[in-house]
Amino acid sequence: MLGQAWAVATYPSENGESSSIDNLLQNILISRGITDMAEMEKFLNPCVKDYMPDPSVLKDMDAAARIIADSILNKEKIAVYGDYDVDGITATAIFVKYLRALGVDVVWHLPTREGEGYGLNVGAIDEIYKSGAGLIITVDCGISGLAEVEHANSLGMKVVVTDHHSPDATLPNADAVINPKRNDDTSGLIYLAGVGVAFLTIVALRRELRNRNLPQDLSLRVSDTNPMNYLDLVALGTICDTMPLIGLNRAFVATGLKVLDLRNNLGLSTLMKVAGIKKSSVYAAGFALGPRLNAAGRLDSAAPALELLLTDNPLIANDLAQKLHKMNQDRVDIQNSIMISAGDLAQKCCDAGRCSLFVCGDNWHGGVMGIIAGRLKDKYNLPSCVATRTDGVINGSGRSIPGVDLGKIIHDALAQGIISEGGGHAAAAGFSLNVENEKLFCEFLENAVKEQLNGEIPHCEIIADAEIDAGGATLKLVNRLSALEPFGQGNPEPTLVLNGATLKYATTMGHGNHVRGSFMTSSGNQLAFVGFNLVGTPVGDFLLDEANTNTKIMLLGKLKENEYNGHVSAQFFLEDIAV
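Residues numbered from 1 in each chain as written. Predicted model: local features only at pLDDT ≥ 70, side-chain atom pairs only at ≥ 80, totals over all residues. Heavy atoms only, no water.

Next up on the list: the overall build of the chain. The helix and strand tally for the chain stands at 20 helices and 18 strands. Computed over the C-alpha atoms, the radius of gyration of the chain is 25 Å, within 12% of the 25 Å expected from 2.2 N^0.38 for a compact globule of 579 residues. Principal-axis analysis of the C-alpha atoms gives the chain an extent of 80 × 55 × 50 Å. When the 579 residues of the chain are sorted by exposure, 51% land in the buried category. Summarising the internal contacts of the chain: among those between residues at least 6 apart in sequence, 67% fall at separations of at least 24. (Helix = DSSP H or I, 4+ residues; strand = E, 2+ residues; numbered from the N terminus. Rg over C-alpha atoms; globule rule 2.2 N^0.38 Å. Buried < 20%, exposed > 50% of the residue type's maximum accessible area, 1.4 Å probe, protein only. Contact = heavy atoms within 4.5 Å.)

Encoded structure:
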């Protein structure tokens, strides 16, 4: 009813068992490229030990470990230079926490979004140099900082770059450059977040230190400090940077969520209380913790978010958590006010038959450009760039769809001089340009997207993992499908099509935007459903019309667990229907 095609995966039937729960689970794994039984077992029981590579597979890793270990043994001050998003904040946090645990004199720097902008900054490097630091370790940034690294070199400082963003043709002249996306890197770990690369660097550093002849005090500190305790932060950064939850990332997140539930990190534990989170999950990390940590960097400085992750003082933790909670609400208000204008401009692009969206407004708050780009991308299923025009300069962020590598497009625009700054990866990117090049960039973006899409506007299509009888939509199936968790980018929650459901009743809920009700299944059981933001759509109109009671329909959506007054049952999260 929403005008989207339903594409349902089909599987070979074996001995008539294709409808069994276990066989359904196996078929979903096959559709996601996991065909070997041993790999299926690893996937269903993700363990860091099973997926953890030797960190040395990353180019320059051994050199980086030696350089950092030398600085520690020489008792040099070390600076960790991060980024203002959750990936950069968590990556900075784990490195600072680890170095502090070893007794290292460590300072950190996170750039401001509006002032310094993304990446290394000459002024910040000068301040780090004045503080007495002899080594800079970058996390989640640095790969595009050629001039800034040269400046650090001219001051006699050593630089170790750890990053995961796509590099330019020329790498920075650092003492070590760790990035799985280097052309000469054969690790195959291109899906790691910046915090994942930082974590592997810490693992390599720990191994290097344990192989050294250390003073007894440092030796004890190295032995007593286990990087696995930081996996809650690694999971958080990986989820919030929308990295695919495959391979090592899946193990990081599965284990990291368990560490998060231990509430060992005082700041995170306090933020979970403020956000009303009782149990950790990908959803809680991505939609409750992440936005609150991001809010600081979006509106001002990310420093409060990092300080929250580093503090051991309950009073400070509570003050910072409350501050981030308030900043996030302010961010929502700013975002909503801009979203109206951005949506109107996006609709005009869509009406013109474009394959990409580029919208720009005067003096929009730069901290919410990425969020609005993501909303437009989801609504129109098109690569979307949103930017603000201020003092002759345009700064923006983009979010992309599967099949369009936005990071490559931004890098190509930078190479051709269309934009002055830019970087990112396939799903997300940032950019800056002079207002004189606005139209040129808009057309470059459109042509590049058309080329990657072979000139075709992406169809609105929903991929369903399976089509089953509604009578099989039970709590038992919910529990079995939970074996596929954690869900996220690269491993979405299974979408199901249910046959043979009869509408019993429906009503509005919330502030009148949502629908809830129940269906009767072929087995005679009632199946409760909720449909968010369906009021005013053809689906909502159909469900709320009493004349349609007892109509047989097909349902598309996700089956989840629902707990109410201590009673646990299956509930269907409705996305679309077909009559």
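Here the focus is the packing of aromatic side chains. Evaluated as defined, the whole model comprises seven aromatic pairs. With 5.4 Å between their ring centres and 75° between their planes, Phe-358 and Phe-441 make a pair best called edge-to-face. Taken together, the residues Phe-358 in strand β7 (residues 357-362) and Phe-441 in helix α18 (residues 438-452) connect sequence positions 83 residues apart. Assessed through its relative accessible area of 7%, Phe-358 is described here as buried. On the basis of relative accessibility, which here comes to 0%, the residue Phe-441 falls in the buried class. With centroids separated by 5.9 Å and ring planes inclined at 45°, the aromatic side chains of Phe-532 and Phe-573 adopt a geometry described as tilted. Placement of Phe-532 in the loop between β16 (526-531) and α20 (538-544) and of Phe-573 in strand β18 (residues 567-578) is noted, with a sequence separation of 41 residues between them. (Phe/Tyr/Trp six-rings, centres within 6.5 Å; stacked < 30°, edge-to-face > 60°.)

Below, the discussion takes up the pairing of strand β10 (residues 421-424). With four bridges joining them, β10 and strand β11 (residues 428-434) adopt antiparallel strand pairing. Across the sheet, residue Gly-423 finds its bridge partner in β11, namely Gly-430. Hairpin remark: β10 followed by β11, antiparallel, with three residues in the connecting loop. (Pairing = 2+ DSSP bridges.)

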